[in-house]
Amino acid sequence: LLQVNFAMLKRTTNGYKPFLYNVTADACKFLKNEKSNPHDLIVDKVPTEYLNNHLSIVLPFPVGEYQFTTHWYAYGIKRATVTLYVSLK
């Protein structure tokens with residue numbers, strides 16, 4: 001059993017606070033479902049200007065600093081945490 005928890009936080013004057021999403025999904029079930037598995041999606045050397053421009057149109061987030069965190073669990077035990085910090089200007 002493999003579970004992934006995804007949380008998005010926004011930085012405030014008091015630190016990072018929950019913002020929009022905090023979702024836990026069964027990764028095994030997701031990977032078994034071919035319709036939800038984007039196994040053909042490969043991102044390699046995408047210019048940040050291109051990515052910033054297109055994401056700001058699709059996902060109009062307020063200007064600020066964000067933290068995207070994933071927690072990976074196997075058999076109910078946390079095995080890894082991956083954190084990404086992003087600043088939107």
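Preceding this section is the structure that the text describes.
**Structural notes on the side chain of Thr 69**
The residue Thr 69 is located in strand E3 (residues 64-74) in this model. Overall, Thr 69 belongs to the buried group, its relative accessible area being 5%. Within the structure, the side chain of Thr 69 is placed 2.8 Å from the side chain of Gln 67, a separation counted as a polar contact. The residues contacting Thr 69, other than those within four sequence positions of it, are Asn 5, Phe 6, Ala 7, Leu 9, Thr 81, Val 82 and Thr 83.

**What to know about a nonpolar patch on the surface**
Where nonpolar side chains cluster on the molecular surface, the patch consists of Phe 6, Leu 20, Tyr 21 and Val 23 and spans about 380 Å² of accessible area. Of the residues forming the nonpolar patch, the biggest block, 3 residues, is contributed by strand E2 (residues 15-26). Classification of Phe 6 by relative accessible area gives partly exposed; the value is 31%.

**Thoughts on the side chain of Gln 67**
Note on placement: Gln 67 falls in strand E3. When neighbours within four sequence positions are excluded, Gln 67 is seen to be in contact with Ala 7, Met 8, Leu 9, Tyr 16, Thr 83, Leu 84 and Tyr 85.

**Side note on the packing of aromatic side chains**
For the structure shown, the criterion picks out 3 aromatic pairs. Where Tyr 16 meets Tyr 85, the ring centres are 5.8 Å apart and the plane angle is 55 degrees; that geometry is what we call tilted. One end of the pair, Tyr 16, is in strand E2; the other, Tyr 85, is in strand E4 (residues 77-88), and 69 residues separate them in sequence. Judged by its relative accessible area of 27%, Tyr 16 falls in the partly exposed class. Looking at Tyr 85, the relative accessible area reads 52%, which means it is exposed. Seen from their ring centres, Phe 19 and Tyr 66 are 5.4 Å apart, and the 55 degrees between their planes marks the pair as tilted. With Phe 19 in strand E2 and Tyr 66 in strand E3, the pair connects residues that are 47 residues apart, well separated along the chain. Assigned by exposure class, Phe 19 and Tyr 66 land together as buried.

Rules behind the numbers
- By convention here, each chain's residues receive numbers from 1 onward along its written sequence.
- Residue-level local features of this predicted model are given only where pLDDT is at least 70; pairs of side-chain atoms are given and counted only at 80 or more, and the full residue set underlies all totals for whole chains, interfaces and linings.
- Note that water and hydrogens are dropped before the side-chain values are worked out from all heavy atoms of the structure.
- Helix and strand labels come from DSSP, where a helix needs a run of H or I of at least four residues and a strand needs a run of E of at least two; each type is numbered from the N terminus.
- When accessible area is computed with a 1.4 Å probe and restricted to protein chains, residues below 20% of their type maximum are described as buried, those above 50% as exposed, and intermediate ones as partly exposed.
- Two N or O atoms form a polar contact when they lie within 3.5 Å of each other; inside protein one atom must be a possible hydrogen donor and the other a possible acceptor, and for residues adjacent in sequence the pair counts only when both atoms belong to side chains.
- For this analysis, residues touch if any pair of their heavy atoms sits within 4.5 Å.
- Here a patch means residues that are over 30% exposed by relative accessible area and free of salt bridges, tied together within 9 Å if like-charged and within 5 Å if nonpolar (Val, Leu, Ile, Met, Phe, Trp, Tyr).
- All accessible areas in this document rest on Shrake-Rupley with a 1.4 Å probe, and a residue is counted as covered only by the protein chains that are shown.
- For salt bridges, the criterion is a side-chain nitrogen of Lys or Arg within 4 Å of an Asp or Glu carboxyl oxygen.
- Stacked, edge-to-face and tilted labels apply to pairs of Phe, Tyr and Trp rings (six-membered ring for Trp) whose centres lie within 6.5 Å, assigned for plane angles under 30 degrees, over 60, and everything in between, in that order.

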